[in-house]
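So the chains spell out like this:
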Amino acid sequence: MAKYIFVTGGVTSSLGKGIIAASLAKLLQARGLNVTIQKFDPYINVDPGTLNPYEHGECYVTEDGAETDLDLGHYERFLSSYTSQANNVTTGRIYQTVINKERAGDFLGKTVQVVPHITDEIKHRMMLLGQDEKFDIVITEIGGTVGDIESLPFIEAVRQLQWELPDEDVMVVHLTLIPYLKAAKELKTKPTQHSVKMLSETGVHPDILVCRTEQPLNNEIKRKIALFCNVKTDAVIEAMDADTIYEVPLLMLREKLDLICLKKMNITNYAEPNLDKWKSFLDKLKYPKSKVTVGLIGKYIELQDAYKSILESFVHAGAMNEVKVEVVNVHSEFITNENVSEKLAGLDGLLVAPGFGLRGIEGKIIAVKYAREKGLPFFGICLGMQMAVIEFARNILGLKDAHSTEMDANSSNQVISIMEEQKKIKLMGGTMRLGAYPCEIQEGSLAHQIYGTTHISERHRHRYEFNNDYLNQFQENGMIASGTNPDTDLVEIVEIPNHPFFIGVQYHPELKSSVEIPAPLFVGFIAAAKKYNEQSNIGKKKSASSIEK
Ligand code: GLN
């Protein structure tokens with residue numbers, strides 16, 4: 001039987017429950033336990049797949065094709081292990097299941113109610129992964145903030161589990177905020193007291209308080225929080241703001257968060273934490289030898305969460321190359337032929353981001369052209385790859401109206417077209433080509449060099465694909481399909497071999513990048529940017545010395 005740790009949040013949102021949950025999981029994993037993390041979200045969307053990135057940040061996709069909350073990305077990046085459909089559950093999903101059962105007559109004439117029917121379904125899903133013998137511990141993050149009307153059924157389910165299961169099998173970690181009032185020069189504990197009180201009113205009592213704070217908590221404050229919130233003093237954990245999220249596991253180790261959990265759950269067979277790989281990554285991250293600047297060309301750049309996995313992949317790949325990766329966000333909507341060289345000046349590489357719809361498309365195409373012509377390392381992901389194909393068709397193949405069916409269904413050269421199986425789909429939710437598919441890589445290609453193998457599997461989220469009617473024309477003119485799906489021939493990777501680094505992928509390599517296993521394409525792209533930077537520095541020095549002469 002697995003044991004269950006619930007992570008709730010109080011006082012405000014955005015305290016970083018996901019990072020605390022992932023850090024705790026990392027420590028328990030480093031001590032030899034098998035841990036998974038799941039997220040329960042209180043909104044009514046069945047999954048976040050239909051949410052605009054401005055609403056909810058990036059939609060993260062699992063191996064088995066679930067469209068999930070971006071916190072699952074953190075879980076995978078910290079643990080280097082995969083999550084699945086079962087790891088993200090929303091209120092919408094719970095209600096959908098219960099309503100479908102009601103329609104099927106499964107409740108045998110009973111009145112269907114929030115308690116017990118909705119809470120039973122929540123409990124069932126909370127314990128689902130724990131029934132898999134694989135896991136010793138299941139950590140469940142409850143989205144939202146304690147006191148929200150919509151998270152009440154989830155909290156009630158936690159209360160019932162606390163009552164039903166043996167004491168040592170369930171625990172609750174509550175994340176809260178201890179604000180520092182500059183005027184009073186004091187840390188204030190009252191918001192935390194109120195939030196614990198609110199949680200206790202629902203019948204759930206936290207075992208551990210993790211306190212986000214800008215200032216260290218001295219023993220006196222810890223004792224005060226413990227006394228008024230009715231937890232043991234050593235269960236008041238200080239969570240200071242960190243320079244990087246990847247430092248949080250070590251901060252939590254110092255505060256003994258993992259040991260307190262193990263003690264409460266009566267787990268005795270654990271090892272000293274093995275965090276060697278993690279620490280060596282952190283060292284490289286903190287002490288880079290040089291810097292590269294890459295441009296992220298997208299249309300949601302005002303909201304950094306929209307590109308979370310891409311930004312984190314840059315962090316992983318930067319550490320691997322021992323460089324600091326500075327990301328310059330360039331809004332694709334405002335790139336024009338006239339200003340492109342000014343907007344992209346000083347960059348060592350260009351990543352054209354995934355996306356949907358017409359807005360900002362032409363700017364992306366202009367950016368691709370610039371990178372192609374200037375020999376600037378180029379990396380296109382999903383829509384970014386599709387834009388690279390369109391740019392090549394327009395400017396090299398001379399197909400002036402080349403486009404994607406998504407943007408212009410009347411174009412006479414739809415070099416990117418809707419996938420056959422997508423044509424009949426009417427519903428939006430969960431209907432894209434989602435999750436992991438295999439890809440065969442051509443020997444001797446750049447992709448082959450980067451991956452070091454010809455068989456890979458990567459994750460997807462798209463409806464459109466390279467139109468194979470044009471494949472010969474592309475290959476004859478210098479853009480090759482170096483990776484294809486072995487079953488359908490769908491083009492997964494395009495390259496321009498006579499360019500220093502030009503690669504576009506239909507899949508999302510950022511979804512599989514983790515601290516300990518960075519995504520090869522990101523590592524390769526940053527290596528190319530580093531080379532470009534070194535060469536342009538040599539160029540600059542040379543021209544400076546010729547001016548001096
Ligand atoms: N809009 C494109 C498609 O559906 C690309 C999707 C993406 O970038 N994730 O094919």
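The coordinates are above.
All values derive from a computational prediction rather than experimental measurement.

Definitions and cut-offs
- Residues numbered from 1 in each chain as written.
- Predicted model: local features only at pLDDT ≥ 70, side-chain atom pairs only at ≥ 80, totals over all residues.
- Heavy atoms only, no water.
- Pairing = 2+ DSSP bridges.
- Helix = DSSP H or I, 4+ residues; strand = E, 2+ residues; numbered from the N terminus.
- Axes fitted to C-alpha atoms, helices over the stretch in contact; angles between N-to-C directions.
- Contact = heavy atoms within 4.5 Å.
- Near = heavy atom within 4 Å.
- Polar contact = N/O pair within 3.5 Å; in protein donor to acceptor, adjacent residues only side chain to side chain.
- Nonpolar A, V, L, I, M, F, W, Y, C, P; charged D, E, K, R; others polar.
- Core = buried A, V, L, I, M, F, W, Y, C linked by side-chain atoms within 4.5 Å.
- Buried < 20%, exposed > 50% of the residue type's maximum accessible area, 1.4 Å probe, protein only.
- Phe/Tyr/Trp six-rings, centres within 6.5 Å; stacked < 30°, edge-to-face > 60°.

Novice: Explain the sheet that holds strand 13 (residues 323-331) here, please?
Specialist: Hydrogen bonds between backbone atoms are what pair the strands of a sheet, whose relative direction is either parallel or antiparallel. Pairing is mixed across the open sheet formed by nine strands, whose spatial order is 13-12-14-15-23-22-21-18-19. Since the sheet does not close on itself, it has two edges, and those belong to strand 13 and strand 19 (455-462), each with one partner. Looking at each pair of strands side by side, their axes are set apart by 30° on average, direction ignored. Here helix 12 (residues 308-321) sits on the sheet in contact with strand 12 (290-298), strand 13, strand 14 (349-352) and strand 15 (378-381), set at roughly 150° to strand 13.

Novice: Hey, could you run me through the site of the ligand in this one?
Specialist: Taken together, the neighbourhood of the ligand is formed by P354, G355, F356, C382, L383, Q386, E406, R461, H462, R463, Y464 and H508. Here an oxygen atom of the ligand and a backbone polar atom of Y464 are 2.9 Å apart. Residues of the shell around the ligand, tallied by class, amount to five nonpolar, four polar and three charged.

Novice: How should I be thinking about the nonpolar core in this particular structure?
Specialist: A general trend in soluble globular proteins is that nonpolar side chains are found buried together. Counting residues in each nonpolar core, the largest one holds 62 residues, and the members touching the most others are I5, L28, I137, I139, I208, V210 and M252. Per element, the largest residue contribution to this core is nine residues, and it comes from helix 1 (residues 17-30). Sequence-distant contacts of L28, that is, excluding residues within four places in its chain, are made with I5, L33, V35, I137, I139, D258 and L262. Grouped together as the second largest cluster of nonpolar side chains are 42 residues, L383, A393, Y470 and L471 included.

Novice: Help me understand the packing of aromatic side chains, please; the structure alone is not making it clear to me.
Specialist: For any pair of aromatic rings, the description consists of the separation of the ring centres together with the inter-plane angle of the planes. Across all of its chains, the model carries 16 aromatic pairs by this definition. With a centroid separation of 6.0 Å and an interplanar angle of 65°, the aromatic rings of Y246 and W278 are classed as edge-to-face. Of this pair, Y246 sits in the loop between strand 11 (236-240) and helix 9 (248-254) while W278 sits in helix 11 (residues 276-286); the two residues are 32 residues apart in sequence, bridging distant segments of the chain. Taking the relative accessible area as the measure of exposure, Y246 reaches 1% and is therefore buried.

Novice: So what exactly am I meant to see when it comes to the sheet that holds strand 20 (residues 464-466) here?
Specialist: Across the sheet, three strands lie side by side as 16-17-20; this open sheet has mixed pairing. Sheet topology places strand 16 (403-404) and strand 20 at the edges, where each strand pairs with a single neighbour. Direction of pairing for strand 16 relative to strand 17 (residues 414-418): parallel, over a ladder of two bridges. By the bridge assignment, S404 is partnered in strand 17 with I416. Packed onto the sheet, helix 15 (residues 383-395) meets strand 16, strand 17 and strand 20 and runs at close to 145° relative to strand 17.

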